Structure formats: structure tokens, C-alpha cells
Amino acid sequence: MAETSAKRQIIAPAQQIKMRVLVTIALGGLLAACQVVPKASPDAAPPPPKTDDMIGEGLPTDTDRHRVALLVPQSGANADVGNSIANATTLALLDSRADKLRITTYDTANGAAAAARQAIADGNKLILGPLLSEDVSAVAPIARAARIPVLSFSNDTSVAGNGVFIMGFVPGQSVERVVKYSRAKGHQRFGALVPKNIYGDRSAAAFRSAVQAAGGTLVSIETYDRSAAALTGAARRLANAGDMDAVLIADIGGNAVRAVPVVKTSGDRQILGTEMWNTDSSLAGAPAMRGAWFASVSDGLYGQLATKYRTRFGHAPYRLGSLGYDSVLLTVRIARDWKPGTSFPASRLVASDGFGGIDGIFRFNDRGIAVRALEVSEVGAGGFRVIDPAPTKW
């Protein structure tokens, strides 16, 4: 049965708490009785000093279950996303009946490094999270020194490797997938419209590589600052850049809706998008977007998860919640051959057959980046229609 003392284990995975108060998900007790992060809250409390003496005395010894730490923001600006991930891990534990796995949640809002130190002091052998790339950078050297693998929810490939694995949806993979599909459908000459930010830079780099790998011709890439005038100007320059069969717009759906009519002023082009369109149902209401293609993870199983989540927690999850769910399924699978109290067998993370979950199959490459099987969808008047399903095996 769960105990309520702050120094003991608490069965309350979604509760906002301070660094030393831990939220532990003990499946046995539960059975008996988690890409735009929100902006900062104006009344968020300032973080306390980050000092080593914040580390508590640790958790009681538990030789029968695997100890896994979940590092996510549970207070401050990104609390809603972090709590969605934490709640989804609870559902995964319930669904998988993993009575040998104990997950303790640590709030990273007041310092990811301090959270990692406390997690290691408590005897956790695997870290799920953090969410933000800067937090991964802070946690990585601490975990590496303790030989604890980090399974992050970030999509920043620059923080992967040397003990850090990232599960986030990497934009370059959706670009590669939709370009390859477009080329297979006979499109030869490609152009792109990308914003001047990190996402745009990564999408543009992936686009160049994808067009070359597919044997296409890159006509032009136009960039723009985040303003309506700059977007329209870049779309106009692209429209006049030469003959193109297909145009990638690596931005949110709303900006794509504004740009597409301008892009098509000099001729009809196949419009391509990224995984950012997957959660934007308003695209179906824009006539200019009809027939556009984009690649993303499948939403079939996610819909079931969202329904179950809403029933249990009373509100819809953030889309990134699926990463928390799938990270638990992955851990449960590996835990079958993992003796409690011993080091997590990190070599199992790079198994060639990979893993399956809410977002379909995936596997980690030798850089620690989750490579995902993606589907291609088409925007229609009534919503999205899958026109090229994601592979179901590697």
C-alpha cells in the first residue's frame, strides 16, 4: 500500500511538487486501490539556488523493483507538458502491469542538474527525460559520470550520443520521408520555404540532403523572419525562382495557409509539409491546402491513448505525452532481462529490431537518435487521409 510521508513513496505522478518531494509510481499499489512548449508563466516563482546540499538522503532500499527516474518540469512554464508526460507514464505502467518497475518523478523546473543528482543519489539506474535540450546538456555529464543512461524526450540531435538517447520527433526525418515519397511520385524539381530559426535551419539541411539522395534537383530555398510581411515576401521570391514540381513549407499550418496561394501564383506545385501539421486540424478547412502532403508518426494508437488519458485525468494530453508512454514500454521490455539493482543494459537500446509503441516502431541509431517509421498523409476537405502507411517492421 502506498505511504503518505514526504520521506517515503507517494502515488501521485501528476502532482506539482518541489525538488526533494518525490512522486513515485508503484504499480502494485495502483492496481490494488508526457512540438510547442508553453510560454513562461508571469507569476512563476524564481528558482532556488542550485546547490549540492539540496540532495536528500535517498530512498529506502528496494531490491525487488527496478528504479527509474523521470525528469520533467512539474512546475513553472512547462508544467503542463511535463505533467502530461508523467501522467502518460502512469497509464503505461497500468497497461503493461509492470509490477517490477518503480518510476520516481523529479521536477526539473528549478534545476535539471540538481534533479539528476537527487535521482542518482536515490539509486535510480535509468533516467527518462529531460524534455528540453538545455536540460539534457545539464544532466548528461552528471549521468555519464554515474554510468546512468539518459533517455530524453528532446528532438535536438546535437545532445544525443555518449550515453544520451533522444526519443523526440526529429524534423529532418519527416522532411526526408515526404521528399522521398514525392520523388517516387515523379516530382523532380524542389523548392522550400523555411523560417529563420533552429527548426528551419534543421529542416533546410535535411531538405538539401533528401533532395540529393532522392535524385531530385534543388531549385531554391527561401528563408524569412517570423512576420507576415517577411513570409509573403519569401513566398513571392520562391514563386519566381523557376520551375518547380514540389515545394516544402517547414512551418506551422497557419503560416503554410498564408504562403501557399502566393507560392502557386506562377503555377501549381505539390505542397509538402512536416510533422508540425499532424496536430493542426484547421488545415482541412483551408481550400488552398487540399492535396498537400506531410509525413509524421501515425495517430491511430495515439487517439486511443488520448481517450484513455482524458477519462482518467479529466483533460486532453499534450501530444508529447506519447513519448512518456513509449519510454515506459521500452523500459518494460528491456526489464525482462534486467536484474533489479544492477546497471541498466544500455546496449539493448540499440537493438536492430527496435521497439514499438503509441507512435509506431522506432529504433536508435549509433548516435542515439530515435529513427521512426513515418506515414505520409494528404490534407483533404474532411481531414487527413493516409496515402502511404508507415512500415510495421524494419
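Residues numbered from 1 in each chain as written. Predicted model: local features only at pLDDT ≥ 70, side-chain atom pairs only at ≥ 80, totals over all residues. Heavy atoms only, no water.

**Concerning the pattern of salt bridges**
Operational definition: Here, a salt bridge means any side-chain nitrogen of Lys or Arg that lies within 4 Å of a carboxyl oxygen of Asp or Glu. Each helix is a run of H or I in the DSSP string that is no shorter than four residues. Each strand is a run of E no shorter than two, and both are numbered from the N terminus. Note on classification: 1.4 Å probe, protein chains only; a residue is buried when its accessible area is under 20% of the maximum for its type, exposed when over 50%, partly exposed between these limits.
Taken as a whole, this structure holds 11 salt bridges when the rule is applied. Note that Asp337 is salt-bridged to Arg348, the shortest N-O span being 3.5 Å. Placement of Asp337 in the loop between α10 (321-335) and β12 (362-364) and of Arg348 in the loop between α10 and β12 is noted, with a sequence separation of 11 residues between them. Judged by its relative accessible area of 60%, Asp337 is exposed. On the accessibility criterion, Arg348 (28% relative accessible area) is partly exposed.

**Looking at the packing of helix α7 (residues 228-239) against helix α8 (residues 253-263)**
The condition is simple: Think of each axis as a best-fit line through the C-alpha atoms, taken over the contacting stretch in the case of a helix, with angles from 0 to 180 degrees between the N-to-C directions. Crossing handedness is read from the near helix: turned anticlockwise from the far helix by less than a right angle, it gives a left-handed crossing, and turned clockwise, a right-handed one. Residues are treated as being in contact if the distance between any of their heavy atoms lies within 4.5 Å. We call Asp, Glu, Lys and Arg charged. Ala, Val, Leu, Ile, Met, Phe, Trp, Tyr, Cys and Pro are nonpolar, and the rest, Gly among them, are polar.
Interaxial distance between α7 and α8 falls to 8 Å at its minimum, and their mutual angle equals 35°. Along this stretch, α7 crosses α8, giving a crossing that reads as right-handed. Mapping the contact onto sequence places Leu231, Thr232, Ala235, Arg236, Leu238 and Ala239 in α7 and Asn255, Arg258, Ala259, Val262 and Val263 in α8. Here the contact of α7 with α8 is composed, by residue class, of seven nonpolar, two polar and two charged.

**Some points on the sheet that holds strand β10 (residues 270-273)**
The test is simple: Pairing between two strands is assigned when DSSP locates at least 2 bridges connecting them.
Taken together, seven strands build an open sheet; the order of strands is β8-β7-β9-β10-β11-β14-β15 and the sheet is mixed. At either margin of the open sheet sits one strand with a lone partner, and together these are β8 (217-224) and β15 (383-388). Direction aside, the axes of adjacent strands within the sheet are offset by 25° on average. Bridging between strand β9 (residues 246-249) and β10 involves three bridges; their strand directions are parallel.

**Here's the deal with the pairing of β9**
To be explicit about the condition: Think of it like this: strands point away, you trace from the first strand over the helix to the second, and a clockwise trace means the crossover is right-handed.
Burial along β9 is two-sided: Ala246 and Leu248 facing one way and Val247 and Ile249 facing the other are all buried. One ladder, built from four bridges, connects strand β7 (residues 189-195) with β9; its direction is parallel. Within the sheet, the bridge partner assigned to Phe190 lies in β9 and is Ala246. In terms of handedness, the path from β9 via α8 over to β10 forms a crossover that is right-handed.

**Thoughts on the environment of Arg312**
Along the polypeptide, Arg312 turns up in helix α9 (residues 300-313). Residue classification places Arg312 among the partly exposed residues on the basis of a relative accessible area of 45%. Linking Arg312 and Asn87, residues 225 residues apart in sequence, is a C-alpha distance of 9.4 Å.

**Focus: the nonpolar core**
Let me state the cut-off plainly: Residues belong to one nonpolar core when they are buried, are Ala, Val, Leu, Ile, Met, Phe, Trp, Tyr or Cys, and are joined through side-chain atoms within 4.5 Å.
If you look at the biggest cluster of nonpolar residues, it comprises 43 residues, and the most contacted ones within it are Leu128 and Phe364. Mapped onto this core, the elements with two or more residues apiece are β2 (66-72), α2 (79-96), β3 (101-107), β4 (126-128), α9, α10 and β12. Ignoring sequence-local partners within four residues, the contact set of Leu128 consists of Val68, Ala69, Leu70, Leu71, Ile103, Leu151, Phe153, Ser327, Val328 and Thr331.

**Re α10**
Every α-helical turn comprises 3.6 residues, leaving residues that sit three or four positions apart pointing alike. What counts, and what does not: A helix is expected to span 1.5 Å multiplied by its residue count minus one.
Look at α10: 21 Å from first C-alpha to last across 15 residues, which is about the 21 Å you get at 1.5 Å a residue. Here α10 lies mainly inside the structure; 13 of its 15 residues are buried.

**Comments concerning the packing of α2 against α10**
Short version of the rule: These descriptions rest on fixed angle ranges, namely under 35 degrees for roughly parallel, over 145 for roughly antiparallel, 65 to 115 for roughly perpendicular, and the rest for oblique.
Between α2 and α10, the shortest axis-to-axis distance is 7 Å and the interhelical angle comes to 40°. One element, α2, and the other, α10, form an angle in the oblique class. Relative to α10, the crossing made by α2 is right-handed. When α2 is examined against α10, the residues Ser84, Ile85, Ala88, Thr89, Leu91, Ala92, Leu93, Asp95 and Ser96 are found in contact with a partner set consisting of Gly321, Gly324, Tyr325, Val328, Leu329 and Val332.

**Re the environment of Thr217**
Counting through the fold element by element, Thr217 comes out in strand β8. The spatial distance from the C-alpha of Thr217 to the C-alpha of His187 is 9.4 Å, given a sequence separation of 30 residues. Among all residues touching Thr217, those that are not within four sequence positions of it are Gln188, Arg189, Phe190 and Val211.

**Section: unusual backbone geometry**
The residue after Gly129, namely Pro130, is reached through a cis peptide bond having omega 0°. Here Pro130 lies in the loop between β4 and α4 (133-145). The phi angle at Arg147 is positive, at roughly 60°, despite the residue not being glycine. By the element assignment, Arg147 lies in the loop between α4 and β5 (150-152).

**A word on the environment of Leu193**
Examined against the element boundaries, Leu193 turns out to sit in strand β7. Given a relative accessible area of 0%, Leu193 falls into the buried group. Once residues lying within four places of it in the same chain are set aside, the contact partners of Leu193 are Glu222, Tyr224, Leu231, Ala234, Ala235, Leu238, Leu248, Ile249, Ala250, Ala259 and Val263.

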